[in-house]
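One-letter residues, chain by chain:
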Amino acid sequence: MTDQLSRVFAALADPTRRDMVARLTSGDATVNDLAAPYAVTVQAVSKHLKVLEEAGLVTRSREAQRRPVHLEAEVFDLMTKWIERYRRQAEERYQRLDELLAEMNDTSEPEHPASRRQEGTAS
């Protein structure tokens, strides 16, 4: 996997990493903060963060003794554009299918007996 989009989707394939990303939407956090709700070591959380970092989803900085993890929201624009392109294409296909089904329904509906003229009767 060399392109960023593939790395992003691969990183988000793991539920723990998705949860970390979700938690980072409310603000920066330290590795210890992120590790708190999980029954794993800080080293395991660091490995998850490394995958997220390599995908460009998070960055780490240094503030005195603190090393906060920051969510890089711009990466979501890349994902959103990719998803939106295929969502639009799927929507167009569904609209064409709806139109085709409506046409088929219109041409295959039998005429209602009351609307037919009876031969030999006055209208």
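Refer to the structure presented above.
Read on for an overview of the structure. (Residues numbered from 1 in each chain as written. Predicted model: local features only at pLDDT ≥ 70, side-chain atom pairs only at ≥ 80, totals over all residues. Heavy atoms only, no water.)

A few points about the packing of helix α1 (residues 4-11) against helix α5 (residues 74-108)
Now for step 1: As a packed pair, α1 and α5 sit with axes 10 Å apart at the nearest point and diverge in direction by 100°. Looking at the two axes, α1 sits roughly perpendicular to α5. Of the residues in α5, those touching α1 at Gln4, Leu5, Val8 and Phe9 are Val75, Leu78, Met79, Trp82 and Ile83.
Now for step 2: Here the residues of the contact of α1 with α5 are counted per class, giving eight nonpolar, one polar and no charged. (Axes fitted to C-alpha atoms, helices over the stretch in contact; angles between N-to-C directions. Helix = DSSP H or I, 4+ residues; strand = E, 2+ residues; numbered from the N terminus. Parallel < 35°, antiparallel > 145°, perpendicular 65-115°, else oblique. Contact = heavy atoms within 4.5 Å. Nonpolar A, V, L, I, M, F, W, Y, C, P; charged D, E, K, R; others polar.)

A word on the packing of helix α2 (residues 15-24) against helix α4 (residues 42-54)
Now for step 1: Where α2 contacts α4, the two axes come as close as 10 Å, and the packing angle between them is 75°. Comparing the axis directions of α2 and α4 gives the class roughly perpendicular. Residue-level inspection shows Thr16, Arg17, Met20 and Val21 of α2 in contact with α4, the latter providing Val45, His48, Leu49, Val51 and Leu52.
Now for step 2: Split by residue class, the contact of α2 with α4 holds six nonpolar, two polar and one charged.

Some words on the nonpolar core
Now for step 1: With 22 residues, the main nonpolar core has Val45, Leu49, Leu52 and Leu57 as its most contacted residues.
Now for step 2: Among the elements of the structure, α1, α2, α3 (31-35), α4, β2 (69-71) and α5 are those that each provide at least two residues to this core.
Now for step 3: Not counting the four nearest positions on each side in its chain, Leu52 is found in contact with Ala11, Arg17, Met20, Val21, Leu57 and Val58. (Core = buried A, V, L, I, M, F, W, Y, C linked by side-chain atoms within 4.5 Å. Buried < 20%, exposed > 50% of the residue type's maximum accessible area, 1.4 Å probe, protein only.)

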